[in-house]
Amino acid sequence: MLKYLDNISQKLTKIKQGMQNNSGLWIHMPENPEFVESVLEEISFKDKEIENLKQTLSQKYAEARTISLEKKMILNRIEKRAIGVHAESPEKLNEYGINSK
């Protein structure tokens, strides 16, 4: 859980416990233990959404790394072909963004 959500969640949990221990004083208040529990559930739901997004983002990064490796091989193959095509005139490789050596 994110630290700032965790801090609020912990404080609300303690407040809820205090409300339950002193329930007679909280009977007619709009903020009762059930209300606090609903706030805690909302925080928990948001945390789960964030964790799911982190997992999805991690998967997408892994997919991007895989694609990068695959496309790098294609790039190398095409660069080698360009070098072969212009073996007689290496200065033409500048047109491809390939530095002639």
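Computed from a predicted structure; not experimentally measured.

Conventions used here
Residues numbered from 1 in each chain as written. Predicted model: local features only at pLDDT ≥ 70, side-chain atom pairs only at ≥ 80, totals over all residues. Heavy atoms only, no water. Helix = DSSP H or I, 4+ residues; strand = E, 2+ residues; numbered from the N terminus. Buried < 20%, exposed > 50% of the residue type's maximum accessible area, 1.4 Å probe, protein only. Contact = heavy atoms within 4.5 Å. Salt bridge = Lys/Arg side-chain N within 4 Å of Asp/Glu carboxyl O. Expected span 1.5 Å × (residues − 1). Polar contact = N/O pair within 3.5 Å; in protein donor to acceptor, adjacent residues only side chain to side chain. pLDDT = per-residue confidence, 0-100.

### Details of the environment of Gly-84
Among the structural elements, Gly-84 can be located in helix 3 (residues 33-85). Separated by 15 residues in the primary sequence, Gly-84 and Asn-99 place their C-alpha atoms 14 Å from one another.

### Considerations on the side chain of Lys-16
Relative to the helices and strands, Lys-16 is located in helix 1 (residues 3-21). Relative accessible area serves as the criterion here: at 19%, Lys-16 is assigned to the buried category. Lys-16 has contacts with Pro-33, Val-36, Glu-37 and Leu-40, leaving out every residue within four places of it along the chain.

### Observations concerning the side chain of Ser-9
Checked against the element boundaries, Ser-9 lands in helix 1. Apart from residues no more than four positions distant in its own chain, Ser-9 is found in contact with Met-1, Leu-40 and Ile-43.

### Regarding the pattern of salt bridges
Between side chains of opposite charge, a pair can form when the charged atoms approach closely. This structure, assessed with the given rule, holds five salt bridges. The partner of Lys-16 in a salt bridge is Glu-37, and the shortest N-O contact between them spans 2.4 Å. With Lys-16 in helix 1 and Glu-37 in helix 3, the pair connects residues that are 21 residues apart, well separated along the chain. Judged by its relative accessible area of 26%, Glu-37 is partly exposed. One salt bridge connects Glu-63 with Lys-60, and the closest N-O pair in it is separated by 3.5 Å. With Glu-63 and Lys-60 both in helix 3 and three residues apart, this pair spans about one turn of that helix. For Glu-63, a relative accessible area of 40% translates into the label partly exposed.

### A closer look at the environment of Leu-53
Along the chain, Leu-53 turns up in helix 3. The spatial distance from the C-alpha of Leu-53 to the C-alpha of Thr-13 is 26 Å, given a sequence separation of 40 residues.

### Focus: helix 3
With 53 residues, helix 3 ought to run about 78 Å at 1.5 Å a step, and its terminal C-alpha atoms sit 77 Å apart, in line with that. Buried within helix 3 are the following residues: Pro-33, Val-36, Leu-40, Ile-43, Asp-47 and Ala-82. The backbone nitrogen of Glu-34 lies 3.1 Å from a side-chain oxygen of the residue at the head of helix 3, namely Asn-32.

### Some remarks on the confidence of the model for the protein chain
Should pLDDT be low for a region, the predicted coordinates there are not to be read in detail. A residue-level look at the protein chain finds 98% of positions with pLDDT of 70 or above and a mean pLDDT of 94. Taken element by element, the predicted model of the protein chain shows its lowest mean pLDDT in helix 2 (residues 23-26) (93) and its highest in helix 1 (97).

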